[in-house]
Each structure stands twice: as C-alpha cells, then as structure tokens.
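# Examination of the molecular architecture
So you can see what is in the structure, the chains are spelled out below.
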Amino acid sequence: MKALSIKPAPALAIITGEKPQEFRTWQTHYRGDLLICATAKKTRGAIAGHALGVVTLTTIEHLPAGNYAWHLENIRLIQPFPVKGKLSLYEVADEQISWPQGTPQQIWQTYYEPLID
C-alpha cells in the first residue's frame, strides 16, 4: 500500500478526522488508499514512528504559491505498527496492516491510547 509520512500531531489529527486535508509543496497523480504514518520525532499527545490508519486520497487541489491541498476521506483505523518513514510516497507491505475488530472507541482504547506520549 502507498504510505505517506507526516509529523505525529498532524498524522493523529488526520486519523481522528480533525484534519481532512494535508498540505504539501508537491503533488502526485496517485489517487486511492494511503497508509498514514507518523514520523519518529516524539511529540507530546501524539504517537510517533507508527503507521496509524488508512485514508483515501480523493483529489489534490492546486493552491496559490505552488502549494497543494490533498483531500483525504474514508478514515479506517488499523492496529498501529512501527514503521520507518520515508520522503514522498512509498510502499508498505499490505501484510503488515491488521484490521482490528470492534467499535472505533474500542479500537482506539485498545490500540491507540497506550501509544500516545
């Protein structure tokens, strides 16, 4: 699956639905599922160095000054797992992604809350 590394606080905001867009200075022709990964820099109140969830990149909007708004929808929680981030889009093996059972609240309490710094 295509993956995108984002600083921990914004990555968590995307997975919680608080941030439906990611702003980049570059665009891609890719549209579809993206694994959202938090970079390794520890950030208070966030999860660092883990894949956090899957979203769908639906469109990219060109903004003034050469920036781009990536529109993200269809948030799906996963069982977070350690991942080493990279620049640009990169591949993470689908076999690493586990889809936990339960309500979003149960999944959050079981898998995400213990990882928050």
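Here goes a summary of the coordinates provided. (Residues numbered from 1 in each chain as written. Predicted model: local features only at pLDDT ≥ 70, side-chain atom pairs only at ≥ 80, totals over all residues. Heavy atoms only, no water.)

Turning our attention to the overall build of the protein. Each helix and strand in the protein was counted, giving 2 helices and 6 strands. Dimensions of the protein along its principal axes, counting C-alpha atoms only, are 40 × 25 × 25 Å. Counting all 117 residues of the protein, 44% fall into the buried class. Expressed as a percentage of contacts within the protein between residues at least 6 apart in sequence, the contacts between residues at least 24 apart total 64%. Looking at the protein as shown, the accessible area adds up to about 6,600 Å², and 53% of this sits on carbon and sulfur atoms. With 11 positive and 10 negative side-chain charges, the protein shows a separation of 9 Å between the mean positions of the two kinds. (Helix = DSSP H or I, 4+ residues; strand = E, 2+ residues; numbered from the N terminus. Buried < 20%, exposed > 50% of the residue type's maximum accessible area, 1.4 Å probe, protein only. Contact = heavy atoms within 4.5 Å. Areas by Shrake-Rupley, 256 points an atom, 1.4 Å probe, with all protein chains shown as cover. Lys, Arg positive; Asp, Glu negative; His and termini not counted. Charge placed at Lys NZ, Arg CZ, Asp CG, Glu CD.)

Within this structure, the stated rule accounts for 4 salt bridges. With its nearest N and O atoms 3.0 Å apart, the salt bridge here joins Arg-24 to Glu-22. We note a salt bridge from Arg-76 to Asp-33, for which the minimum N-O separation is 2.9 Å. Within this pair, whereas Arg-76 is found in strand E5 (residues 68-82), its partner Asp-33 is found in strand E3 (residues 32-38), the two being separated by 43 residues in sequence. Residue class for Arg-76 comes out partly exposed when judged on its relative accessible area of 21%. A relative accessible area of 27% places Asp-33 in the partly exposed class. Through salt bridges with shared partners, a single network forms among Lys-19, Glu-22 and Arg-24. (Salt bridge = Lys/Arg side-chain N within 4 Å of Asp/Glu carboxyl O.)

This part covers the sheet that holds strand E1 (residues 2-6). Read across the sheet, 6 strands follow the order E2-E5-E4-E3-E1-E6 without closing on themselves; strand pairing throughout is mixed. Looking along the sheet, the strands with just one partner apiece sit at the ends: strand E2 (21-24) and strand E6 (90-91). Examined bridge by bridge, strand E4 (residues 50-62) and E5 share 10 bridges and lie antiparallel to one another. Bridge pairing in E5 links Val-54 to Arg-76. The strands that helix H1 (residues 8-15) touches are E1, E2, E3, E4 and E5; relative to E4, the one it contacts most, it runs at about 80°. Contacts between helix H2 (residues 104-112) and the sheet are confined to E4 and E5, with E5 contributing the most and set at about 65° to the helix. (Pairing = 2+ DSSP bridges. Axes fitted to C-alpha atoms, helices over the stretch in contact; angles between N-to-C directions.)

Once that is clear, we can look at the pairing of E3. Consecutive side chains of a regular strand alternate in pointing toward one face of the sheet and then the other. Most of E3 is tucked away: 6 of the 7 residues are buried. Bridge analysis of E1 against E3 gives 4 bridges, and the strand direction is parallel. The residue of E3 that forms the bridge with Ile-6 is Ala-38. Pairing analysis gives 6 bridges linking E3 to E4, with the strands arranged antiparallel. Considered in E4, the bridge of Ile-36 is made with Gly-53.

Honestly, that's just the spatial picture; any functional story needs more than this.
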